[in-house]
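In case you want the letters, here they are:
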Amino acid sequence: MTFATQETHLEYFANLCRDDAPMVRRIASRNLGQLLYNVVETIGYSSISIDGMVTTTLMDLYELLAGGDQPDSVRLHTTENCVSFGKAMTLLRKTIKKSPDGADAMAIDQHEE
């Protein structure tokens, strides 16, 4: 899948997360963690860079769906999404070749906070 296609699919997903219907946002929320994990697994370290998909889009969607103004049925998946975020960071930590100065590990540690 090309990067442009990935961006298009992510945009479609983001639209579902912002939909007016709580039922649609609930289903999007349920799948956000798995999407994040798949993005990190497919794209790798660049997905959490400053302009990566995780940093620019998925974290914002998480904050939107976990917000206090969402119905409980949407926020219910917040914990599961946190677990998926943690698994994604663990995957990165295991697969990245650490630089001699430890910059890669510091970047992951910064996102884990």
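Residues numbered from 1 in each chain as written. Predicted model: local features only at pLDDT ≥ 70, side-chain atom pairs only at ≥ 80, totals over all residues. Heavy atoms only, no water.

*Asks:* How would you explain the side chain of Thr 78 if you had to name every residue and give the values?
*Replies:* Inspection of the secondary structure puts Thr 78 in helix 5 (residues 78-95). Of the residues examined, Thr 78 reaches a relative accessible area of 17% and is grouped as buried. Within the structure, the side chain of Thr 78 is placed 2.6 Å from the backbone oxygen of Arg 75, a separation counted as a polar contact. Leaving out residues up to four positions away in the same chain, Thr 78 has contacts with Tyr 62 and Ala 66. (Helix = DSSP H or I, 4+ residues; strand = E, 2+ residues; numbered from the N terminus. Buried < 20%, exposed > 50% of the residue type's maximum accessible area, 1.4 Å probe, protein only. Polar contact = N/O pair within 3.5 Å; in protein donor to acceptor, adjacent residues only side chain to side chain. Contact = heavy atoms within 4.5 Å.)

*Asks:* Which residues make up the environment of Gly 52, and what values go with them?
*Replies:* Position of Gly 52 among the secondary structure elements: in the loop between helix 2 (22-43) and helix 3 (53-66). A relative accessible area of 5% places Gly 52 in the buried class. In this structure the C-alpha to C-alpha distance between Gly 52 and Val 40, which are 12 residues apart in sequence, comes to 9.8 Å. The contacts of Gly 52, once residues within four sequence positions are left out, are Ser 46 and Ser 47.

*Asks:* I'd love a proper account of the nonpolar core, names of residues and values included.
*Replies:* Judged by nonpolar contacts, the single largest core of 22 residues is most densely connected at Leu 32, Val 54, Leu 58 and Leu 61. Of all the secondary structure elements, the ones that give two or more residues to this core are helix 1 (3-17), helix 2, helix 3 and helix 5. When residues of this core are assigned to their parent elements, the largest contribution, 6 residues, is made by helix 3. In this structure Leu 32 touches Phe 13, Leu 58, Leu 61, Tyr 62, Leu 65 and Asn 81, once residues within four positions along its chain are discounted. (Core = buried A, V, L, I, M, F, W, Y, C linked by side-chain atoms within 4.5 Å.)

*Asks:* So what's going on with the packing of aromatic side chains? Which residues, and what values?
*Replies:* Applying the stated rule across the entire model yields 1 aromatic pair. Arranged with centres 5.1 Å apart and planes meeting at 50°, the rings of Tyr 62 and Phe 85 form a pair that is tilted. Within this pair, whereas Tyr 62 is found in helix 3, its partner Phe 85 is found in helix 5, the two being separated by 23 residues in sequence. For Tyr 62, a relative accessible area of 15% corresponds to the buried category. Overall, the relative accessible area of 11% leaves Phe 85 in the buried class. (Phe/Tyr/Trp six-rings, centres within 6.5 Å; stacked < 30°, edge-to-face > 60°.)

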